[in-house]
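# Examination of the molecular architecture
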Amino acid sequence: MLFRSGLEAARRYPARFAVMGRMNLRDPQAPALLPAWRQQSGMLGVRLIFNSAATAPMLSDGSADWFWPAAEKAGLPVMCHAPELAPQLARIVERHPQLILILDNMGLSQSLQSAKGGNTVDLIAHTLSLAKFPNVSVKLSSVANHSHEDYPYRDINVHVRRVFDAFGPQRCHWGSDMTRALARATYRQRVTHFTEALDFLSEDDKDLVMGRSLLEWLRTRDAGAEAPDARIAQLAALPVTDFVDAGERALVFTQFTEMGTLLQSHLLEKFHLRVPFL
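What you see is a predicted model; the values in this text were computed from it and never measured.

## Quick notes on empty space enclosed by the protein
Scanning the entire structure with this criterion turns up two cavities of 30 Å³ or more. In this structure, the largest cavity spans a volume of roughly 80 Å³. Lining the largest cavity are 13 residues, with Ala82, Leu89, Gly107, Thr127 and Leu130 positioned closest to its centre. Only helix H4 (86–95) and helix H6 (120–128) provide two or more residues apiece to the lining of the largest cavity. Considering only residue class, the lining of the largest cavity consists of eight nonpolar, three polar and two charged. As for the second largest cavity, its lining consists of Leu140, Ser142, Val143, Ala144, Tyr153, Trp174, Gly175, Ser176, Arg190, His193 and Phe194. For the lining of the second largest cavity, the elements supplying multiple residues, two or more each, are helix H7 (143–146) and helix H9 (187–197).

So this is what it looks like as structure tokens:
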């Protein structure tokens, strides 16, 4: 099934889809959009890219300075692709310790000359330098794209482990980066590379890296965020803990499909319970 936008998919299937939306920081209207950004149904945060001659200078020329305190105040998670710009990012997260910053693609980029030259060790070192900041996490995405070998991409695994050891399972998030290199790996291979081929990951590590850590990072670290509507408050009032503690089972009836999918999402986010929607 095709959707006109990620937000359309998130509205129709809120338990399965959500969006980190792109924002043009040079747009004069952008500051006015930020406070209500997450009120868009299915929107969880912002994704920014600083990987070109046009965008990379924004981290040091002042044109993006307005954004970081505003995002911090709003509790807005930010996914940021800024390869080789760790010093600039370090200054930002030092000034804004409550800013929720998620590094894209382990800090790697295929478009940079250093990456094309195979200088992965030094590129990863830029990423590792940010591990000391507790408000920074990292997506272990684009792994297959940066390997020079076929599945299971053994040449890149040592770098995945370096990042994992530095950030830990609570701050590492798997990502497929599927659309940028369809010929490099199938979706299943991108999953099983982590669930089967990385022997340094325990089962608990896999549970966190393959989704739970990102879910918690995006949805629970922003304690100040308002609920999107009154239906969430209704779900929060359900005595789920009482049923779980008592070992009971419950069958919940709802009149609307959207409420059922919201309930599924709520139970997964708050109680890590996967429940069928009949």
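## With respect to the pattern of salt bridges
A complete count under the given rule lists seven salt bridges for this structure. Between Asp165 and Arg161 there is a salt bridge whose closest N-O contact spans 3.5 Å. Linking Asp165 with Arg161, this pair stays in helix H8 (residues 154–167), spanning four residues, or about one helical turn. By relative accessible area, Asp165 is classed as exposed at 51%. A salt bridge links Glu203 to Lys206, with the shortest nitrogen-to-oxygen separation between them at 3.1 Å. Here Glu203 pairs with Lys206, and both are found in helix H10 (residues 203–219), just three residues apart, close to one helical turn.

The rules we used
- Residues numbered from 1 in each chain as written.
- Predicted model: local features only at pLDDT ≥ 70, side-chain atom pairs only at ≥ 80, totals over all residues.
- Heavy atoms only, no water.
- 1 Å grid on protein atoms, 1.4 Å probe; cavity = no way out; pocket = protein on both sides within 12 Å on 5 of 7 lines; lining within 4 Å.
- Points joined across faces, edges and corners; volume = space filled by probe spheres on them.
- Helix = DSSP H or I, 4+ residues; strand = E, 2+ residues; numbered from the N terminus.
- Nonpolar A, V, L, I, M, F, W, Y, C, P; charged D, E, K, R; others polar.
- Salt bridge = Lys/Arg side-chain N within 4 Å of Asp/Glu carboxyl O.
- Buried < 20%, exposed > 50% of the residue type's maximum accessible area, 1.4 Å probe, protein only.

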